[in-house]
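Descriptive structure summary
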Amino acid sequence: MDDQLLEHAPCGYLQIDRGGEIVRINHTLRRWLGHQPRFFEDLLSMGGKIYWQTHLMPLLNMKEEISEINLTMVGTNDVSIPVLINAKKDKDIYSIFVVNITQRKRYEQELLIERRKAEDIAQRLKQVNNDLEQFANTASHDLQSPLRTISGMIDLIEKKKLIKPGSVESNLFSLIKRNANQMRLMVRDLLTYSKEEDVAPEHVQVLIEEVCREAIDLLKEDVEKTQAVFTISEMPILIGSKSQLVRLFQNLFENSIKYRSDAAPVIVVSHHTANDVDHIHVKDNGIGFEMNQATEIFSFMKRLHSADQIPGTGIGLSSCKRIMKHHGGSISAESVPGKGSVFKLEFPRLNTDPPVSN
Amino acid sequence: MWRFITPEFENDYRIVLFDHTGSGRSDESAYDIDKYSSLHGYAQDLIEICDELNLQKVIFIGHSVSCMIGVLAANRRPDLFDKLILIGPSPCYINQQGYHGGFSRKDIEDMIDTLESNYLGWSSHITPVIAGHPDKPEYSDELNSSFCRMNPQIAKHFAKVTFMGDNRVDLALVTVPTQIIQCDPDMISSREVGLFVHSQIKNSHYTQIEVAGHIPHLTNPVATIAAIREFL
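Here the structure is a predicted model, which is why all the values come from computation and not from measurement. (Residues numbered from 1 in each chain as written. Chains lettered and ligands numbered in written order. Predicted model: local features only at pLDDT ≥ 70, side-chain atom pairs only at ≥ 80, totals over all residues.)

1. Notes on the overall build of chain A
Put simply, the rule is: Secondary structure elements follow DSSP: runs of H or I of four or more residues count as helices, runs of E of two or more count as strands, with numbering from the N terminus. With C-beta atoms placed from the backbone, the exposure class of a residue follows from how many other C-beta atoms lie within 10 Å of its own: 20 or more, buried; 12 or fewer, exposed; in between, partly exposed. Distance between backbone-placed C-beta atoms decides contact: two residues are in contact if it is within 7 Å.
Secondary structure summary: chain A contains nine helices and twelve strands in total. Put simply, chain A has 358 residues, and 28% of those count as buried. Intrachain contacts of chain A at a sequence separation of at least 6 include 59% that bridge at least 24 residues.

Written as structure tokens, this is what we have:
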């Protein structure tokens, strides 16, 4: 290679012997560092010297070539330059190319700092989420037992007929009773919601028809009381968590019954497949809602009706949304006030891998 | 690591080479961060290798940090070892009161930063690029078994254990005949350190070779072999 070419090349170049003594060093590197010591390692920071001797020299001797090694070179007047070196061993001579990476290094350090920050924040967020879940679980648990006592007392007062019908006390008492019931509902739903972990549980093959039957069974009392009629067409087998899917349909059916019109509830569950997506529709003849509220209804603890009108907590549908997310799918609703609603579930067909939750 | 040295001795001796746990081709799953938080864990492994292979009259040749591993093993089981040959030993790299190890704590931390910037950097996937050697296939095997294949987390821990340790008191307990092979100049284990090791190990043999650097067995095998022969 032409010496003149290397002498003023836009990179540092030097050759050292096997003892580390500098044989040649080009003008560029001399200019950068302002000096030309006897040994190569004297161009390096202390940490670099040790690293060179204990790691790089053995490496270079064994494989005769190293590349993209980041070191810090030091010169006179406190000059300190982060560099990348490539080195090659040829018999007893080691050739080293040096690239100044001052700008890159600064950028790298900034990225490193940001990455550490992001990792910290992610860690904290995870902790906060865990705490929150733990809190919701504990709080609803702890709230449950005094509430049970209160409900017990209310029952006792009723049973023993301690309050005269039609009196002022009777009015107050029914208010207390209604609110206690509402609170019991809320605590129950909160507890269920907090138990639904944010990770997808183990996924297995689930017969959806069976899931629907189980969900109806869980609502037996309400179904009998309202004389609700279910029509369930042929249902697919899906990959998912059975317990979550039962809860999903239970919530949907419970809503159809709760928001029924004057007529007895008629609930139709149908299925079709399109573009590798299983569509399941739950249609009812209930009171329905305005379409501009179709998204709102899935928000956590968001309700269209006050608890005085129709008891509820606003947790059921947001729970449905979460369950669908765990299954890699989605839920939406369509409705015409007074004409009933359709809840549309979309389950993408999975090849072999279970869905990834986030 | 030893490819230039072993051919010289393989006719007369049985040669046993091994990778320390966490490096080379060792089983990484056996790496226990507590066990290997001092050199005693490595010494334990060395004793187990000798016992497992039923080795007797072992001549231990160690380089750099492995010297102290050999010393610790020989102190626990002097019956196993015939001789210790220590190339570039240092019982303590950091300067202490009345002792010159060669480095300050900051120097070592700086080195670990350098190591990190090469192993870990800002991407957990970057390791020093290891170029292939199509013209020398026999090297690739050795490369795979060398320390450059170390898991970055282990490499960092190992460097800390090595450079932050202090095994000076163990030297006086050595009863096995010992040779110190000292390079000059060697910035990692200086002559001063080599002479300290010599002064602490009773009846030890000191051989200085005029080879610059810390890895004479790679940079000057001829001088290294001659030094080893002198003691055998």
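2. Details of the overall build of chain B
Helix and strand counts for chain B come out as ten helices and four strands. Its helices and strands in sequence order give chain B the pattern α-α-β-α-β-α-α-α-α-β-α-β-α-α, from N to C terminus. Scored against the burial criterion, the 232 residues of chain B give a buried share of 40%.

3. Thoughts on the sheet that holds strand E5 (residues 93-100) of chain A
All names here are of chain A. Heads up, the rule is: Whether two strands pair comes down to DSSP finding at least two bridges between them. Axis definition: a line fitted to C-alpha atoms, over the contacting stretch in the case of helices. Angles run 0 to 180 degrees between N-to-C directions.
One open sheet holds the five strands; their spatial order is E2-E1-E5-E4-E3, and the pairing between them is antiparallel. Edge positions in the open sheet fall to strand E2 (22-25) and strand E3 (65-74), since each of these has one partner strand only. Ignoring strand direction, the axes of neighbouring strands in this sheet form an average angle of 25°. Judged from the three bridges that link them, strand E1 (residues 12-17) and E2 form a sheet pairing that is antiparallel. Bridged to Leu-14 within E2 is Ile-25. In the packing of helix H3 (residues 46-63) onto the sheet, contacts are made with E3, strand E4 (80-90) and E5, and the angle to E3 comes to roughly 160°.

4. Describing the interface of chain B and chain A
How we decide: Just so you know the grouping, Ala, Val, Leu, Ile, Met, Phe, Trp, Tyr, Cys and Pro go in nonpolar, Asp, Glu, Lys and Arg go in charged, and all remaining residues, Gly too, go in polar.
On the chain A side, the residues contacting the 28 residues of chain B number 30 residues. Split by residue class, the side of chain B that touches chain A holds 16 nonpolar, eight polar and four charged.

5. Quick notes on the sheet that holds strand E10 (residues 277-283) of chain A
Sheets are built from strands that pair by backbone hydrogen bonding, the pairs being arranged parallel or antiparallel. Residues and elements named next belong to chain A. Read from one edge of the open sheet, five strands run E7-E9-E10-E12-E11, paired in mixed fashion. On the outer flanks of this sheet lie strand E7 (229-232) and strand E11 (330-336), each paired with one strand and no other. Neighbour-to-neighbour, the strand axes of this sheet turn through a mean angle of 15°, independent of strand direction. Where strand E9 (residues 266-274) and E10 come together, seven bridges link them in antiparallel fashion. Bridge pairing in E10 links Val-268 to Lys-283.

6. Side note on unusual backbone geometry
Glycine aside, a negative phi is what most residues show, and trans is what most peptide bonds show. Note the cis peptide between Asp-184 of chain B and Pro-185 of chain B, where omega equals -5°. Its identity as a non-glycine residue notwithstanding, Asp-276 of chain A has a phi of 65°, on the positive side. Here Ser-64 of chain B, not a glycine, exhibits a phi torsion of approximately 55°, which is positive. Within the secondary structure, Ser-64 of chain B is located in the loop between strand E1 (58-63) and helix H3 (65-76). Here Ser-64 of chain B falls in the buried class, since 21 other C-beta atoms lie within 10 Å of it.

7. Structural notes on the pairing of E1 of chain B
Residue and element names in this part refer to chain B. As a reminder, the rule being used: Here is how to tell: hold the view so the strands point away, follow the path from the first strand over the helix to the second, and if it runs clockwise the crossover is right-handed.
In this structure, E1 lies alongside strand E2 (residues 81-87), joined through six bridges in parallel fashion. In the sheet register, Gly-62 faces E2, and the bridge partner there is Leu-86. Taken together, E1, H3 and E2 form a β-α-β motif whose crossover is right-handed.

8. Considerations on the pairing of strand E3 (residues 178-183) of chain B
Residues and elements named next belong to chain B. Most of E3 sits out of view: six of its six residues are buried. Along E3, one buried face is formed by Thr-178, Ile-180 and Gln-182 and the opposite face, lined by Gln-179, Ile-181 and Cys-183, is buried too. Strand direction decides the pairing type here: E2 and E3, joined by four bridges, are parallel. Residue pairing across strands places Ile-87 opposite Ile-181, the latter belonging to E3. Bridge count for E3 against strand E4 (residues 205-209) is five bridges, and the pairing is parallel.

9. Re the confidence of the model for chain A
Stated formally: pLDDT expresses, on a scale from 0 to 100, how confident the predictor is about each individual residue.
Taken over all residues, the pLDDT of chain A has a mean of 86, while the share at 70 or more is 95%. No element of chain A has a lower mean pLDDT than helix H1 (residues 3-7) of chain A, which averages 80, and none a higher one than E10 of chain A, which averages 95.

10. So, the nonpolar core
To keep things clear, this is the line we draw: To define a nonpolar core, we join buried Ala, Val, Leu, Ile, Met, Phe, Trp, Tyr and Cys residues through C-beta atoms within 7 Å and take the resulting set.
Core analysis: the biggest nonpolar cluster contains 77 residues, and Leu-56 of chain A together with Ile-69, Val-71, Ala-74, Leu-84 and Ile-85 of chain B have the highest contact counts within it. Broken down by element, this core gets its largest block of residues, nine residues, from H3 of chain A. If near-sequence neighbours (up to four positions away) are discounted, Val-71 of chain B is found in contact with Leu-84, Asp-170, Leu-171 and Val-174 of chain B. By size, the runner-up hydrophobic cluster in this structure holds 27 residues, among which are Leu-238, Leu-248, Phe-253 and Phe-347 of chain A.

11. Overview of the packing of helix H2 (residues 39-52) of chain B against H3 of chain B
All names here are of chain B. Note the cut-off: Note: crossing handedness is left-handed where the near helix turns anticlockwise from the far helix by less than a right angle, and right-handed where it turns clockwise.
One way to put it is that H2 packs onto H3 with a least axis distance of 8 Å and a crossing angle of 65°. The chirality of how H2 crosses H3 is right-handed. Residues Leu-39, His-40, Tyr-42, Ala-43, Leu-46 and Ile-47 of H2 form the contact with H3, whose participating residues are Met-68, Ile-69, Gly-70, Leu-72, Ala-73 and Arg-76. Looking at the contact of H2 with H3 residue by residue, the class counts come to nine nonpolar, two polar and one charged.

12. A short note on the confidence of the model for chain B
One rule of thumb: low pLDDT means the predicted coordinates there are not for detailed reading. Residues and elements named next belong to chain B. Summary statistics for chain B give a mean pLDDT of 83 and a share of 85% for residues scoring 70 or more. In the predicted structure, residues 120-148 sits below a pLDDT of 50 and forms 41 contacts with residues beyond four places in sequence or in another chain. Across the assembled chains, the prediction reports ipTM 0.72 with pTM 0.57.

13. Some points on helix H5 (residues 168-195) of chain A
All names here are of chain A. Note the cut-off: A helix is expected to span 1.5 Å for every residue after the first.
Taking 1.5 Å per residue as the helical rise, H5 with its 28 residues ought to reach 40 Å, and the 41 Å between its terminal C-alpha atoms agrees with that figure. The complete set of buried residues in H5 reads Met-186, Asp-189, Leu-190 and Tyr-193. Contacts made by the buried residues of H5 are with helix H4 (102-159) and helix H9 (316-326).

14. Quick look at the environment of Tyr-93 of chain B
Residues and elements named next belong to chain B. Tracing the backbone shows Tyr-93 in the loop between E2 and helix H4 (105-119). Classification of Tyr-93 by C-beta neighbours within 10 Å gives buried; the count is 23. Taking the C-alpha atoms as reference points, Tyr-93 and Ser-189, separated by 96 residues in sequence, lie 7.7 Å from one another. Every residue in contact with Tyr-93, bar those within four places of it in the chain, is listed here: Gly-101, Gly-102, Phe-103, Ile-108 and Phe-163.

15. Examining H2 of chain B
Residue and element names in this part refer to chain B. For H2, built from 14 residues, the straight-helix expectation of 20 Å at 1.5 Å per residue is met to within 8% by its first-to-last C-alpha distance of 20 Å. Of the residues making up H2, those classed as buried are Leu-39, Gly-41, Tyr-42, Ala-43 and Leu-46. Within two residues after H2, Asn-54 carries a phi angle of roughly 60°, on the positive side.

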